[in-house]
Amino acid sequence: MEAEPAPARQPAPEPDAYAEELADALVGLQRLIRRRLRAGLTVTRLRGAEVELLRLVESRPGIGVTEAAKELHLAGNSVSTLVNQLVRDGQLVRQTDPADRRAARLLLTEAAGARLRDWRTRRAALVRDQLDRLEQSDRDALRAAIPALRGLTENLREEADRP
């Protein structure tokens, strides 16, 4: 009895093709998660930058506009516009900094906190349901990739923070 030949190995993708493929997969995943989470919303949807700002304020209550802009890698006037909109919509509170009356400190409203908790719960359920549809080996591979993806994120953040 002849042994079956080993399956042909796929050549490793070229470095640029691999980087492009990874970036496309991450962007596509993020886009689809956002779209699925928007479905069935009964409140006005928040744009990605608004969610990022709310999440930052949640993790760092009292952060200033300038510091938030730096952290989010956005122009100060862009963050000011986002803050004004979110204050108008009842998602953020802007308080004068007692140490510097010219500066403002940002805080979440209760409504924004509830909205973020709901968003996190729905996002976790969506991703968990999709992970459950994958083979165990794929779930294991994705779990093992998390530290590398965090490292990639940190590298990009550090590079963006350099003068």
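You'll find the structure just up there.
If you're wondering where the values come from, they're calculated on a predicted model, not measured in any experiment.

A. Structural view of the overall build of the protein chain. The secondary structure content of the protein chain amounts to six helices and two strands. Secondary structure of the protein chain in N-to-C order comes out as α-α-α-α-β-β-α-α. Taking 15 Å as the expected radius of gyration for a compact globule of 163 residues, we find that the protein chain reaches 21 Å, considerably beyond that expectation. Taking the principal axes of the C-alpha coordinates as reference, the protein chain spans close to 85 × 40 × 20 Å. Buried residues in the protein chain amount to 20% of all 163 residues. A separation threshold of at least 6 residues defines the contact pool for the protein chain, and within that pool the share at least 24 residues apart is 52%. In the structure as shown, the protein chain presents an accessible area of about 12,500 Å², 53% of it carried by carbon and sulfur atoms. Averaged over its 28 positive side-chain charges, the protein chain has a centre that lies 9 Å from the centre of its 26 negative ones.

B. Summary view of unusual backbone geometry. A positive phi angle, near 60°, is found at His-73, a position not held by glycine. Along the chain, His-73 turns up in the loop between α3 (65-72) and α4 (76-88). On the basis of relative accessibility, which here comes to 39%, the residue His-73 falls in the partly exposed class.

C. Structural context of the packing of helix α2 (residues 48-59) against α3. Between α2 and α3, the least distance of the axes is 11 Å, while the angle of their chain directions is 120°. Between α2 and α3 the crossing geometry is right-handed. The residues of α3 that touch α2, namely those facing Glu-52, Leu-53 and Leu-56, are Ala-68, Glu-71 and Leu-72. Tallied by class, residues from the contact of α2 with α3 come to four nonpolar, no polar and two charged.

D. Local environment of the environment of Arg-122. Relative to the helices and strands, Arg-122 is located in helix α5 (residues 110-132). Separated by 34 residues in the primary sequence, Arg-122 and Arg-88 place their C-alpha atoms 25 Å from one another. Excluding its chain neighbours within four sequence positions, the residues that come into contact with Arg-122 are Leu-37, Ala-39 and Leu-41.

E. Focus on the nonpolar core. Among the nonpolar cores identified, the biggest contains 23 residues, and Leu-53, Leu-54, Val-79, Val-83 and Leu-92 are the most heavily contacted of them. Of all elements in the fold, only α1 (15-38), α2, α3, α4 and α5 reach the threshold of two or more residues within this core. In this structure, Leu-92 is in contact with Leu-53, Leu-54, Val-57, Val-83, Leu-86, Val-87, Leu-107, Leu-108 and Thr-109, ignoring residues within four places of it in sequence.

F. A look at helix α6 (residues 136-161). For α6, which comprises 26 residues, the first-to-last C-alpha distance of 38 Å matches the rise-based estimate of 38 Å (1.5 Å per residue) to within 8%. Where α6 bends most, at Ile-146, the angle is about 35°, and the proline Pro-147 comes one to four residues later.

G. Representation of the pattern of salt bridges in the model. Applying the stated criterion across every chain yields a total of eight salt bridges. Residues Arg-122 and Asp-118 are paired through a salt bridge, measuring 3.1 Å at the closest nitrogen-oxygen approach. Note that Arg-122 and Asp-118 are positioned in helix α5 at a spacing of four residues, about one turn of the helix. Put simply, Arg-60, Glu-67 and Glu-71 are held in one network by salt bridges that share partners.

H. The arrangement of a nonpolar patch on the surface in detail. Together, Leu-26, Leu-149, Leu-152 and Leu-156 make up an exposed nonpolar region whose accessible area comes to about 310 Å². If you tally residues by element for the nonpolar patch, the top one is α6, at three residues. For Leu-26, the location among the structural elements is in helix α1. On the basis of relative accessibility, which here comes to 35%, the residue Leu-26 falls in the partly exposed class.

About the cut-offs
Residues numbered from 1 in each chain as written. Predicted model: local features only at pLDDT ≥ 70, side-chain atom pairs only at ≥ 80, totals over all residues. Heavy atoms only, no water. Helix = DSSP H or I, 4+ residues; strand = E, 2+ residues; numbered from the N terminus. Rg over C-alpha atoms; globule rule 2.2 N^0.38 Å. Buried < 20%, exposed > 50% of the residue type's maximum accessible area, 1.4 Å probe, protein only. Contact = heavy atoms within 4.5 Å. Areas by Shrake-Rupley, 256 points an atom, 1.4 Å probe, with all protein chains shown as cover. Lys, Arg positive; Asp, Glu negative; His and termini not counted. Charge placed at Lys NZ, Arg CZ, Asp CG, Glu CD. Axes fitted to C-alpha atoms, helices over the stretch in contact; angles between N-to-C directions. Left-handed = near helix turned anticlockwise from the far one by under 90°. Nonpolar A, V, L, I, M, F, W, Y, C, P; charged D, E, K, R; others polar. Core = buried A, V, L, I, M, F, W, Y, C linked by side-chain atoms within 4.5 Å. Expected span 1.5 Å × (residues − 1). Bend = angle between axes of the 7 residues up to and from the residue. Salt bridge = Lys/Arg side-chain N within 4 Å of Asp/Glu carboxyl O. Patch = residues over 30% accessible without salt bridge, like charges linked within 9 Å, V, L, I, M, F, W, Y side chains within 5 Å.

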